[in-house]
Amino acid sequence: MEFLNILILGLVSFAVLFILSRIMGYRAISELSFFDYVVGITIGSIAAEMSTNIDIEWWKGITAMVIYAALDILLTVLSQKSQKARKFISGTPIVLIYKGKINKKNLKKARIELNDLLTSARIAGYFNIADIDYAIMETSGQISFMPVSAKRPLNPKDFNFTPESEGLTVNVIMDGVIMEDDLSDAGITKKELIRRVRQRGKDVKNIFLGIIDSNGVLTLFDK
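What counts and what doesn't
- Residues numbered from 1 in each chain as written.
- Predicted model: local features only at pLDDT ≥ 70, side-chain atom pairs only at ≥ 80, totals over all residues.
- Heavy atoms only, no water.
- Helix = DSSP H or I, 4+ residues; strand = E, 2+ residues; numbered from the N terminus.
- Rg over C-alpha atoms; globule rule 2.2 N^0.38 Å.
- Buried < 20%, exposed > 50% of the residue type's maximum accessible area, 1.4 Å probe, protein only.
- Contact = heavy atoms within 4.5 Å.
- Areas by Shrake-Rupley, 256 points an atom, 1.4 Å probe, with all protein chains shown as cover.
- Lys, Arg positive; Asp, Glu negative; His and termini not counted.
- Charge placed at Lys NZ, Arg CZ, Asp CG, Glu CD.
- Phe/Tyr/Trp six-rings, centres within 6.5 Å; stacked < 30°, edge-to-face > 60°.
- Pairing = 2+ DSSP bridges.
- Axes fitted to C-alpha atoms, helices over the stretch in contact; angles between N-to-C directions.
- Expected span 1.5 Å × (residues − 1).
- Arc of directions from axis to C-beta.
- Salt bridge = Lys/Arg side-chain N within 4 Å of Asp/Glu carboxyl O.

**What about the overall build of the chain?**
What the chain contains, in helices and strands, is eight helices and eight strands. At 26 Å, the chain has a C-alpha radius of gyration far larger than the 17 Å of a compact globule built from 223 residues. Reported as C-alpha extents along the three principal axes, the dimensions of the chain are approximately 65 × 65 × 35 Å. Within the chain, the fraction of its 223 residues that count as buried is 24%. For the chain, the share of sequence-separated contacts (at least 6 apart) that also reach a separation of at least 24 residues comes to 48%. Element-wise, carbon and sulfur atoms account for 59% of the exposed surface of the chain, whose accessible area totals about 16,100 Å². Across the chain, the centroid of the 27 positively charged side chains sits 8 Å from that of the 24 negatively charged ones.

**A word on the packing of aromatic side chains**
If you walk through the whole model with that rule in mind, you get two aromatic pairs. Ring plane angle 50 degrees and centroid distance 6.1 Å describe the contact between Tyr126 and Phe145, whose orientation is recorded as tilted. Placement of the pair is Tyr126 in the loop between α6 (114-123) and β3 (132-137) and Phe145 in strand β4 (residues 143-147), with a sequence separation of 19 residues. As far as the burial class goes, Tyr126 and Phe145 line up, both buried.

**Focus: the side chain of Asn106**
Structurally, the position occupied by Asn106 is in helix α5 (residues 104-110). Those residues in contact with Asn106 that sit more than four places away from it in its chain are Ile94, Val95 and Leu96.

**Observations regarding the sheet that holds strand β5 (residues 170-174)**
Strand order in the open sheet formed by four strands is β6-β5-β7-β8, with antiparallel pairing between adjacent strands. The open sheet has two edge strands with one neighbour each: β6 (177-178) and β8 (218-222). Alignment of strand β7 (residues 207-212) against β8, held across five bridges, turns out to be antiparallel. Of the residues in β8, the one forming a bridge with Ile207 is Asp222. Most of the contacts of helix α8 (residues 190-199) go to β8, to which it runs at about 60 degrees, and overall it touches β5, β6, β7 and β8.

**Observations concerning the environment of Asn53**
By the secondary structure assignment, Asn53 is in the loop between α2 (34-52) and α3 (58-81). Separated by 48 residues in the primary sequence, Asn53 and Asn5 place their C-alpha atoms 9.6 Å from one another.

**Re α2**
Over its 19 residues, α2 extends 27 Å from the first C-alpha to the last, a length consistent with the 27 Å expected when each residue adds 1.5 Å. Buried within α2 are the following residues: Asp36, Val39, Ile43, Ile46, Ala47, Met50 and Ser51. Projected down its long axis, α2 shows its buried positions confined to an angular sector of 130 degrees, all on one face. Seen from the open side of α2, the exposed residues pointing more than 90 degrees away from its buried face are Phe34 and Thr52.

**Some remarks on the sheet that holds β4**
Pairing is antiparallel in the open sheet, where four strands are placed in the order β2-β1-β3-β4. Only two strands of the sheet have a single neighbouring strand rather than two, namely β2 (101-102) and β4. Packed onto the sheet, α6 meets β1 (94-98), β2, β3 and β4 and runs at close to 65 degrees relative to β4.

**As for the pattern of salt bridges**
Enumeration over the complete set of coordinates arrives at six salt bridges. The partner of Asp158 in a salt bridge is Arg152, and the shortest N-O contact between them spans 3.3 Å. Note on Arg152: relative accessible area 38%, which makes it partly exposed.

Right, here's the structure in full:
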């Protein structure tokens, strides 16, 4: 009976955790604020405690999870509606390097050391701190870098050239299965796709990935 209770509680807590995570929205870990990160860990901890501690009534755990999720959603809505609330809840970006000069005061404010800044710069591809014109710590904790003009990558505009838009590619075959729902986006029928695959002496079931770009070019990757 104890094993059965743990099994049921585990399934219930997992289902509630999944539903709440979908409601709270999609964001990568790198995009979460510290508060969002803590809320996520807290909800996960409650779910784990609820599934293993049979002495806790199941509705109490679910109620606590829902409260945390609801408060997080409320704060997100407030941040979207009010700029003042957004600054209070999420904070504001901190300029660490301004016009090539490191702001020591803001480093202390952001609670990071110089070595941390240099490490982040190297990860971003800047091994010489003199190549950086601006560095800003975002509210997510990530640091964005803007290189000096002489070090920034060249782009077509520098050559007075405007390339055509490439558009998006569409996955029409995945692991040997035709993605029929996506065929209309690729502007091709299932019959035409099969014909083009066979023209290359291949079989759909032996294709690991098939994509069509905005120009109608079909690229195939064998299994």
